[in-house]
Amino acid sequence: MALVDLATATLSANPDDVATVLEPTADDGALAAAAGGNAGPIAISFPTFTDGRGFSLARLLRERHGFKGEIRAIGHLIPDHGQFLLRSGFDTVEIADADTAHVWKFSLERIGRNYQPAVRNGLPLRWDAARKAAAALDETLGKTDDLVARIKEIAHRVEGRIAFSTSLGMEDQAILHAIATSGVIKSGADVDVFTLDTGRLFHEVLETIELSELRFRIRIRLVAPDAAEVEELVARDGVFGFRHSVDNRKACCEVRKVRPLNRALEGAQAWIAGLRREQSDTRAGMPLAAWDDSHGLTKVNPVADWSEEQLMSYISANNIPVNPLHARGFASIGCAPCTRAIQPGEHPRAGRWWWENKDKKECGLHINENGKEKAA
Ligand code: SF4
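Small disclaimer: the values here were computed from a predicted structure and weren't measured.

S.K.: What is the right way to look at the overall build of the protein chain in this model?
M.R.: The helix and strand inventory of the protein chain stands at 11 helices and 12 strands. For 376 residues, the compact-globule estimate of 2.2 N^0.38 gives 21 Å, and the C-alpha radius of gyration of the protein chain, at 27 Å, exceeds that figure by more than 25%. Once the C-alpha set of the protein chain is aligned to its principal axes, its extents read approximately 80 × 50 × 35 Å. For the protein chain, with 376 residues in total, the buried portion stands at 49%. Intrachain contacts of the protein chain at a sequence separation of at least 6 include 68% that bridge at least 24 residues. With the model as given, the accessible surface of the protein chain reaches about 18,800 Å², and the carbon-plus-sulfur share is 51%. Of note, the protein chain has its 46 positive side-chain charges centred 5 Å away from the centre of its 52 negative side-chain charges.

S.K.: Could you clarify how one ought to interpret empty space enclosed by the protein in this entry?
M.R.: Once rolled over the atoms, a probe with the size of a water molecule shows which space is left empty. Counted according to the given criterion, the structure contains three cavities of 30 Å³ or more. The space that makes up the largest cavity amounts to roughly 110 Å³. R200, F242, R249, C252, C253, R256, K257, C335, C338, T339, R352 and W353 together form the lining of the largest cavity. Residues of the lining of the largest cavity, tallied by class, amount to six nonpolar, one polar and five charged. Within this model, the second largest cavity holds a volume of roughly 60 Å³. The set of elements that each furnish at least two residues to the lining of the second largest cavity consists of α9 (227–237) and α10 (246–265).

S.K.: For this particular structure, what's the right way to read the sheet that holds strand β8 (residues 191–196)?
M.R.: Strand pairing in a sheet relies on backbone hydrogen bonds. The paired strands run either parallel or antiparallel. One open sheet accounts for six strands, arranged β9-β8-β7-β10-β12-β11; its pairing is mixed. The two strands at the open ends of the sheet, each matched to only one other strand, are β9 (221–223) and β11 (289–292). On average, adjacent strands in this sheet sit at an angle of 30° to one another, irrespective of strand direction. Sheet topology places strand β7 (residues 162–165) next to strand β10 (residues 270–272); three bridges connect them, and they run parallel. Bridge pairing in β10 links F164 to I272. Against the sheet, helix α5 (residues 125–141) makes contact with β11 and β12 (297–300), and its axis sits at roughly 160° relative to β11, the strand it touches most. The strands touched by helix α7 (residues 170–182) within the sheet are β7, β8 and β10, with β7 carrying the most contacts at an inclination of about 145°.

S.K.: How do you make sense of the packing of α5 against helix α6 (residues 147–157) when you look at a structure like this?
M.R.: When two helices pack together, their arrangement is given by the angle between the helix axes and the distance between those axes. Interhelical geometry of α5 versus α6 gives an angle of 155° and a closest axis separation of 10 Å. Compared by their axis directions, α5 and α6 come out roughly antiparallel. With respect to the hand of their crossing, α5 and α6 are arranged in right-handed fashion. From α5, A136, L137, T140 and L141 reach across to α6, where they touch R150, E153, I154 and R157.

S.K.: Before we go on, may I ask you to explain the sheet that holds strand β1 (residues 2–5) in this structure?
M.R.: Ordered by their spatial adjacency, six strands build an open sheet running β2-β1-β6-β5-β4-β3, and the pairing between neighbours is mixed. Every other strand in the sheet has two partners, leaving β2 (10–11) and β3 (20–22) as the edge strands with one partner each. As paired elements, strand β4 (residues 42–46) and strand β5 (residues 71–75) share five bridges and run parallel to each other. The residue of β5 that forms the bridge with S45 is I74. Across the sheet, helix α1 (residues 28–36) touches β3 and β4, and the angle it forms with β3 is around 155°.

S.K.: So what exactly am I meant to see when it comes to the packing of α7 against helix α8 (residues 203–216) here?
M.R.: Where α7 contacts α8, the axes come no closer than 10 Å and their chain directions differ by 20°. In this view, α7 runs roughly parallel relative to α8, as classed from their interaxial angle. Along this stretch, α7 crosses α8, giving a crossing that reads as right-handed. Contact residues: Q173, L176, H177 and A180 in α7; T208, S212, R215 and F216 in α8. Here the contact of α7 with α8 is composed, by residue class, of three nonpolar, four polar and one charged.

Rules and cut-offs
Sequence positions are assigned chain by chain, starting from 1 and proceeding in written order. Confidence filtering applies because this is a predicted model: local features only for residues at pLDDT of at least 70, side-chain atom pairs given and counted only at 80 or more, and all residues used for totals across whole chains, interfaces and linings. Side-chain numbers come from the whole structure's heavy atoms, not from hydrogens or water. Here a helix means four or more residues in a row that DSSP labels H or I, a strand means two or more in a row labelled E, and each is numbered from the N terminus. Computation of the radius of gyration draws on C-alpha atoms, with the globule rule given as 2.2 Å multiplied by the number of residues to the power 0.38. Exposed residues in this analysis have more than 50% of their type's maximum accessible area, buried residues have under 20%, and partly exposed residues fall in between, with area computed by a 1.4 Å probe over protein chains only. Any two residues whose heavy atoms approach within 4.5 Å at even a single point are treated as in contact. Per-residue accessibility takes into account occlusion by the displayed protein chains alone, with areas from the Shrake-Rupley method and a 1.4 Å probe. Counted as positive: Lys and Arg. Counted as negative: Asp and Glu, with His and the chain ends omitted from the count. Charge positions come from single atoms, namely NZ of Lys, CZ of Arg, CG of Asp or CD of Glu. A cavity, in this analysis, means grid points on a 1 Å lattice covering only the protein atoms where a 1.4 Å probe fits yet has no way out; a pocket is instead an open set bounded by protein on both sides within 12 Å along at least five of seven lines, and a residue lines either one if it has an atom within 4 Å of a point. Grid points are joined across faces, edges and corners, and a volume is the space filled by probe spheres set on the points. Three classes are used, and their members are as follows: Ala, Val, Leu, Ile, Met, Phe, Trp, Tyr, Cys and Pro are nonpolar, Asp, Glu, Lys and Arg are charged, and the others, Gly among them, are polar. Here, strands pair whenever DSSP counts at least two bridges between them. For helices, the axis comes from a line fit to the C-alpha atoms of the stretch in contact; other axes are also lines fit to C-alpha atoms, and the angle between any two N-to-C directions lies between 0 and 180 degrees. Oblique is the label for every angle not falling under 35 degrees (roughly parallel), over 145 degrees (roughly antiparallel), or within 65 to 115 degrees (roughly perpendicular). Less than a right angle of anticlockwise turn of the near helix away from the far helix marks a crossing as left-handed, whereas a clockwise turn marks it as right-handed.

The structure is reproduced here in C-alpha cells:
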C-alpha cells in the first residue's frame, strides 16, 4: 500500500497510522466522536468505487465538525476520484500500487480551476471571472466622469438584474436622473430601483419618492422589513429601544435595513450605490466598481470620485428634485428618530445617531465582515 498526498500529487512518505476508520454509514454522532478525538488521521472507507457517501462525510468533518487533521480515503478508488477527494476535504488517498502514482498525479493536475465552491476551492472560476469583470468595469468607468455615460456602460456590461438602492439623498437623486436620462431601462436593462422603507422614514422622504417617480417615470420599490422580526424587536427593546444602547441600535438597523437590503440584493448581478470618496476617510479609496464578496455581485459607485461641488452643479443644472430637508440643514438623511440637522462646519454625518460615539456610527449597509467599511 502507498499513500498519495492529494494537494501535491506526490507519494506521501512515512504515513501515520489512522486513529479512526469511518464506514460510509457513519452518522453525525460518529463524525463528532472522530473529530473530537485526537488529531490523528481519520480514514473514510469507500467499499465500491461508485459509492460517493465518503465525499459527504469528509465535507461534514471539515465544515460541521471543524476537523483540521488528516482525512484519508481508503478502499476502492480510482484516479478519476482525485479532484473530488481533494475538493471534499481529503488530504490523502491510499492506493494499492505505488507505480500508479503518476496516473493520480495526472488526474489531480489536469483541472486547475473550478466553477463551484467546495471545501478547498475558495475562489470558484465564475467568481474569479466576475472579479476581473468588475475590475475592468472600474477601469472603463474611470475614463469618463459623465454620469449618464457611466450608467450606460454599467447597463451594457452587466448581464442580469442591476439593483439600485436609493435613500433619496443628493447622490442617489443624481444617479436616478442619469438612469432615466440614459434610456437604459427603455432599452431593456433590468434596473431595480428600491429604497428601504424602515417604517421610520421622514414624511419628506416619501414626498421625494412621489415627486421623483412623477418626474422620472420610474417606480421606486419600497422594501419593507419582515413584520414578525420588527414585532419581536419592538417587544424586546421598546419603540425607541435603539436609543438605549449601541447594540440595540445595531439590532434595529439589522432588522429594518440590513436584512431587507440583503433580501433585495439576492439574485442581482450588480448593486449601484451613491457613496462618494469625500464623504469620509473610510470611503477615500473607494473604487467606482469592485467585486463584493459578501453579496456575490459587482458593487458600483458611479459618483465615487465626484466632488460635492460637481454633484451640486449636476443637481442644479438638471433641476433634479431633492429632499426638502436638505434646505433645513439635514445633510445625510436616514430614519426620522435617528437624524438631526447639522450646524455649519459639522461633519455631514454628524446628524446621524448623534448621541453615539462617532466610531460606532454605521448602520451596516456598507460594512464588511471585519467591521470596516467596504471599499465598494
Ligand atoms: S436608523 Fe434608527 S430607526 Fe432606522 S433602522 Fe437604524 S436604529 Fe432603527
